[in-house]
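If you want the building blocks of each chain, they are given just below.
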Amino acid sequence: MDTIEKQESPDFVQTSLAGAMALGLEPGSFYRNAYPGSLNLLMTYQNGCRANCSYCGLARERKTEPEENTFIRVKWPVYNLSAIIDILVKPQQEIAAKVQRLGRICISMITHPQAPGDCVNIVRRLSSATNLPISVLVSPTVVPDAGTFFQELKTAGADCVGVAIDAATPELFAAVRGPAVGGPHRWETYWTAAKQAVRVFGRDHVSVHLIVGLGETEQAMVETISQASVAGAQVHLFSFCPEPGSLLSNHEPPSYGQYRRIQLAAYLFNNKQITLGEFKFDSKGKIMSFGQPLEELLGDDLAQGKPFMTSGCPNRDGCVACNRPYGNERPGPNLRNYPFLPEKQDMNTVKGQIWHD
């Protein structure tokens with residue numbers, strides 16, 4: 001009897017729906033022509049992720065119907081890594097323009113004991129076949145020696161690393177990712193990994209991912225962004241959006257005002273334009289002032305809408321590659337992370353949201 005091949009990493013990976021469309025593997029078009037600038041790959045195993053984060057589509061105990069088995073609310077189809085490499089190296093003429101827009105590859109680990117070794121394998125294969133820069137979103141929980149692992153990733157060809165801390169405080173982290181939900185993750189493990197990654201990859205080649213709207217105050221989020229900046233990491237923001245079947249499926253996203261203010265804070269920290277002491281908060285932890293008028297702090301960057309674009313790892317030209325089109329919401333007129341420079345009408349909307357809740 002023939003054995004059925006397991007579609008598992010390192011020989012197989014999942015790709016975002018947008019990535020699959022860019023590779024010509026899935027049909028579809030992009031709202032407002034927001035083509036992805038990064039190919040996002042997700043490691044995959046038959047017995048899945050061992051974590052149980054209460055907001056995540058990959059959570060161990062997520063309860064959904066088969067047709068709702070999604071991650072970030074869309075399908076992540078499984079493909080042979082060799083087939084993806086073949087497309088990247090020699091795309092067919094009809095998709096060559098889309099493939100050429102890709103400026104980076106990002107590999108996301110899941111919490112699985114095989115993931116570290118398989119991830120190094122995937123990085124090595126991609127690095128040897130393409131000239132695209134490679135990022136890895138790590139899962140520190142399954143990495144026994146983070147310093148050694150990061151050096152292995154760098155030697156294999158990765159130039160950036162991300163650590164998805166997600167929650168802004170240790171208490172919230174424990175409540176949504178740790179013991180309170182039967183999850184294996186620990187706040188200290190993640191921060192230790194982020195600092196070790198900076199030692200290996202260098203300042204600003206490491207990102208800390210944070211999700212706005214899990215229940216934190218704006219002050220707590222700003223303090224954590226500051227902590228990441230002091231450690232030498234960039235901050236990449238996500239707005240909470242409920243996944244069907246997750247423990248937080250009924251939790252509301254943050255207001256546009258809350259998200260805009262945190263976007264501004266992260267942008268200023270990422271560009272070394274502000275310190276924690278310059279912020280002013282009210283009694284409920286809401287940002288009341290950035291220390292100076294935003295127009296003076298940001299100038300043309302504010303006028304162009306750069307703080308409200310998706311924050312992610314860069315391409316070789318230093319521009320954001322990982323623009324994750326519509327990763328925070330369905331395509332529509334009210335976007336939280338713009339995968340392109342906002343237009344005048346977009347900015348009229350955004351400016352009206354900054355101080356409004």
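Just so we're clear, the structure is a prediction, and the values are computed from it rather than from any experiment. (Residues numbered from 1 in each chain as written. Predicted model: local features only at pLDDT ≥ 70, side-chain atom pairs only at ≥ 80, totals over all residues. Heavy atoms only, no water.)

1. Some points on the overall build of the chain
In plain terms, the rule: Secondary structure elements are taken from DSSP: a helix is a run of H or I of four residues or more, a strand is a run of E of two residues or more, and numbering for both begins at the N terminus. Radius of gyration means the value over C-alpha atoms here, while the globule rule gives 2.2 Å times the residue count to the 0.38 power. Burial classes: relative accessible area under 20% of the type maximum marks a residue as buried, over 50% as exposed, and values in between as partly exposed (1.4 Å probe, protein chains only). Contacts are assigned to residue pairs that have any heavy atoms within 4.5 Å of one another. Exposure was quantified through the Shrake-Rupley algorithm and a 1.4 Å probe, taking into account, for residues, occlusion by the shown protein chains and nothing else. Counting rule applied: Lys, Arg positive; Asp, Glu negative; His and chain ends not counted. Lys charges are placed at NZ, Arg charges at CZ, Asp charges at CG and Glu charges at CD.
What the chain contains, in helices and strands, is 12 helices and 10 strands. Here the C-alpha atoms of the chain give a radius of gyration of 20 Å, agreeing with the 21 Å that 2.2 N^0.38 yields for 357 residues. Sorting the 357 residues of the chain into buried and exposed places 55% on the buried side. Put simply, of all contacts in the chain between residues at least 6 apart along the chain, 75% involve residues at least 24 apart. Taken as a whole, the chain presents about 16000 Å² of accessible surface, with 50% of it coming from carbon and sulfur. Side-chain charges of the chain comprise 33 positive and 35 negative groups, with the mean position of each set lying 2 Å from the other.

2. Digging into unusual backbone geometry
With omega at 10°, the peptide bond leading from serine 9 into proline 10 counts as cis. Position of proline 10 among the secondary structure elements: in the segment before strand E1 (12-15). In this structure, asparagine 33 is a non-glycine residue whose phi angle is positive, near 55°. When you line up the elements, asparagine 33 lands in the loop between helix H1 (17-22) and strand E2 (38-43).

3. Focus: the pairing of strand E7 (residues 206-212)
For the record, the criterion: Strand pairing follows a simple DSSP-based rule, namely that at least 2 bridges must link the two strands. Clockwise travel from the first strand over the helix to the second, with the strands pointing away from the viewer, marks a crossover as right-handed.
Counting buried positions along E7 gives seven out of seven residues, so the element sits mostly inside the fold. By the alternation rule, side chains of E7 split into Val206, Val208, Leu210 and Val212 and Ser207, His209 and Ile211, which are all buried. Inspection of the sheet shows strand E6 (residues 160-166) paired to E7 by five bridges, in the parallel sense. Of the residues in E7, the one forming a bridge with alanine 164 is histidine 209. Where E7 meets strand E8 (residues 234-239), six bridges bridge the pair, whose relative direction is parallel. Residue pairing in the sheet places serine 207 in a bridge with glutamine 234 of E8. Each parallel crossover has a hand, and the one from E7 via helix H8 (residues 218-231) to E8 is right-handed.

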